[in-house]
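The chain contents come next:
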Amino acid sequence: MTGSQAGTRPAQDRYDAVIAGARVAGAATAMLLARQGLRVLVVDPMRRGSDTLSTHALMRGAIVQLSRWGVLDAIRGAGTPTIRSTAFHYGDERIDVPIKTEGDIDGLYAPRRTVLDAVLLDAAEASGAEVVLGHSIVGLLRDPDGRVRGARIAGPDRRERDVAAPMVIGADGLRSRVARMVEARPTYAVPNATASIYGYFQGIGLEGFHWFYQTGAGVGAIPTNDGDTCVFVSIPPARFADRGADGLEGMFREALEYVSPMLAERVAASSASGKLRGFAGHPGFLRQPVGPGWALVGDAAYFKDPLTAHGMTDAMRDAELLARAVAAGGDASLAGYQAARDGLVRGLLDVTDRIASFEWDLEEVKELHRTLSREMKAEVKFLKTLDRDAAATRVA
């Protein structure tokens, strides 16, 4: 019996770090910490390879990291198509952007979460992290001065067990339980959000990423695993709430027809792989990501609207920043994680919020995308500066 099986109890009572959440942020953080010799426990109530809401698209910064970590081949090996071009459609205008190749990076990728999360979790276990699924952090252990010193974990039978650790990390999503338990306060917030409806379709027949915009809405087509294309629409939350008797299906078709009749026609002629899914939207924020004995990463620490499809790239970048800070040790290193994160994401968050407002015309949103591109290029440049220290994160 391995530690990854649901119901398995932690093998020991003391770790260097306990992580709540085994998806992108948590699995990547666990992998990087374990590769630096730390004893790591990861717990998650979900089963291995379960699906979750996602745009799937990975931006270049994430591909840089996956390549450096030695796991990009596993993403390719799962049949994830290589994306070699991106097309932006502004009304009737189309702008094509080829994806530059560099070393091992031959394009971009948009893996299903059933693939990406599992690949990173496998890499975490292979690096020495202990993974216990079907369990959750239900409480925190604290010193008399309030410093977190471990976690209380419960499984399906509701039996609780305490594990000691000088660091507890919440990688448990937008509505993070760890963030609530440590009372992590928001440090910055933006007002706008979009609602999203998406599904998977066979036979769309488009190469590369396609992003379509009309005033008041956006849609996208993202090729992913198994021949599927993820097609999404983003609309104001008020329209989502008032979607009428036709529900998600009606609103999805209406938004597609409005923004891109061409894509709507292709979707109508394709074969759906399952039902549509919806997300009502949530305004973006930064939370205080560190405190005495605790840290947050991924959506637990920082969330922005999915319209710019940058969330998983954010999660992997911050996982690396946090893992380096935890391995270095000390509150000053954790403060450095916060400073580095804030410096990298404020611009990304602000421009995403402007796009999510839908308060633009097509010329304005083109300029917003140029700003977004500059922010992402700065992110990639920063991540490449970490290469000289990357030996500790490579597969042996």
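Cut-off values and rules
- Residues numbered from 1 in each chain as written.
- Predicted model: local features only at pLDDT ≥ 70, side-chain atom pairs only at ≥ 80, totals over all residues.
- Heavy atoms only, no water.
- Helix = DSSP H or I, 4+ residues; strand = E, 2+ residues; numbered from the N terminus.
- Rg over C-alpha atoms; globule rule 2.2 N^0.38 Å.
- Buried < 20%, exposed > 50% of the residue type's maximum accessible area, 1.4 Å probe, protein only.
- Contact = heavy atoms within 4.5 Å.
- Areas by Shrake-Rupley, 256 points an atom, 1.4 Å probe, with all protein chains shown as cover.
- Lys, Arg positive; Asp, Glu negative; His and termini not counted.
- Charge placed at Lys NZ, Arg CZ, Asp CG, Glu CD.
- Pairing = 2+ DSSP bridges.
- Axes fitted to C-alpha atoms, helices over the stretch in contact; angles between N-to-C directions.
- Parallel < 35°, antiparallel > 145°, perpendicular 65-115°, else oblique.
- Left-handed = near helix turned anticlockwise from the far one by under 90°.
- pLDDT = per-residue confidence, 0-100.
- Polar contact = N/O pair within 3.5 Å; in protein donor to acceptor, adjacent residues only side chain to side chain.
- Phe/Tyr/Trp six-rings, centres within 6.5 Å; stacked < 30°, edge-to-face > 60°.

**Student:** Would you mind showing me how to read the overall build of the chain here?
**Tutor:** Of the regular secondary structure elements, the chain holds 11 helices and 20 strands. Here the C-alpha radius of gyration of the chain, 21 Å, is about what a compact globule of 396 residues would show, namely 21 Å. For the chain, buried positions account for 56% of its 396 residues. Considering only residue pairs separated by 6 or more positions, the chain has 74% of its internal contacts joining residues 24 or more positions apart. Carbon and sulfur atoms form 50% of the exposed surface of the chain, whose accessible area is close to 16200 Å². Each charge sign in the chain was given a centre, from 47 positive and 49 negative side chains, and these centres are 4 Å apart.

**Student:** For this particular structure, what's the right way to read the sheet that holds strand β10 (residues 186–189)?
**Tutor:** Adjacent strands of a sheet form backbone hydrogen bonds with each other and so pair up, either parallel or antiparallel. The three strands are arranged β10-β17-β20 in an open sheet whose pairing can be described as antiparallel. With partners counted over all chains shown, the strands left at the sheet margins are β10 and β20 (302–303), one partner each. As paired strands, β10 and strand β17 (residues 285–287) are joined by three bridges and run antiparallel to one another. Opposite Ala189, over in β17, you have Phe285 as the bridge partner. Across the sheet, helix α10 (residues 331–356) is in contact with β10, β17 and β20; its angle to β17 comes to roughly 160°.

**Student:** What is the right way to read the packing of helix α2 (residues 60–69) against helix α9 (residues 311–328) from this model?
**Tutor:** A packed helix pair is summarised by two numbers, namely the angle formed by the two axes and the spacing between the axes. Close contact between α2 and α9 brings their axes to 8 Å; oriented N to C, the two are set at 50°. When the interaxial angle is binned, α2 and α9 end up oblique. Crossing angle aside, the handedness with which α2 passes α9 is left-handed. Along its contact with α2, which presents Gly61, Ala62, Gln65, Leu66, Arg68 and Trp69, the element α9 presents Thr313, Met316, Arg317 and Glu320.

**Student:** Teacher, can you tell me more about the sheet that holds strand β8 (residues 160–164) here?
**Tutor:** With antiparallel pairing, three strands are arranged side by side in an open sheet as β6-β7-β8. At either end of the open sheet lies a strand with only one pairing partner, and these are β6 (136–142) and β8. Sheet twist, expressed as the average angle between the axes of neighbouring strands with direction ignored, equals 30°. Here strand β7 (residues 148–154) runs beside β8; their pairing, made up of five bridges, is antiparallel. Of the residues in β8, the one forming a bridge with Arg152 is Asp162.

**Student:** I would appreciate a short explanation of the confidence of the model for the chain in the present structure.
**Tutor:** If pLDDT is low for a region, its predicted coordinates should not be looked at in detail. Here the chain shows a mean pLDDT of 94. Residues at 70 or above account for 94%. The model gives residues 391–396 a pLDDT under 50, and that stretch makes 11 contacts with residues more than four places away or in other chains.

**Student:** How do you make sense of the side chain of Gln65 when you look at a structure like this?
**Tutor:** With respect to the helices and strands, the residue Gln65 is situated in helix α2. Separated by 3.0 Å, the side chain of Gln65 and the backbone oxygen of Met316 make a polar contact. When near neighbours in sequence (up to four residues on either side) are disregarded, Gln65 contacts Thr313, Met316, Arg317, Glu320 and Leu383.

**Student:** Please explain the packing of aromatic side chains as it appears in this structure.
**Tutor:** The geometry of an aromatic ring pair is captured by the separation of the ring centres together with the interplanar angle, meaning the angle of the planes. Inspection of the entire model under this criterion finds 10 aromatic pairs. Ring geometry for Trp211 against Phe232: centres 6.1 Å apart, planes inclined by 55°, an arrangement best described as tilted. With Trp211 in strand β12 (residues 209–214) and Phe232 in strand β14 (residues 228–235), this residue pair connects regions lying 21 residues apart in the sequence. One exposure class covers both Trp211 and Phe232, and it is buried. Where Tyr213 meets Trp360, the ring centres are 6.2 Å apart and the plane angle is 70°; that geometry is what we call edge-to-face. Of the two residues, Tyr213 is situated in strand β12 and Trp360 in the loop between α10 and α11 (362–385); the sequence distance between them amounts to 147 residues. Note on Tyr213: relative accessible area 4%, which makes it buried.

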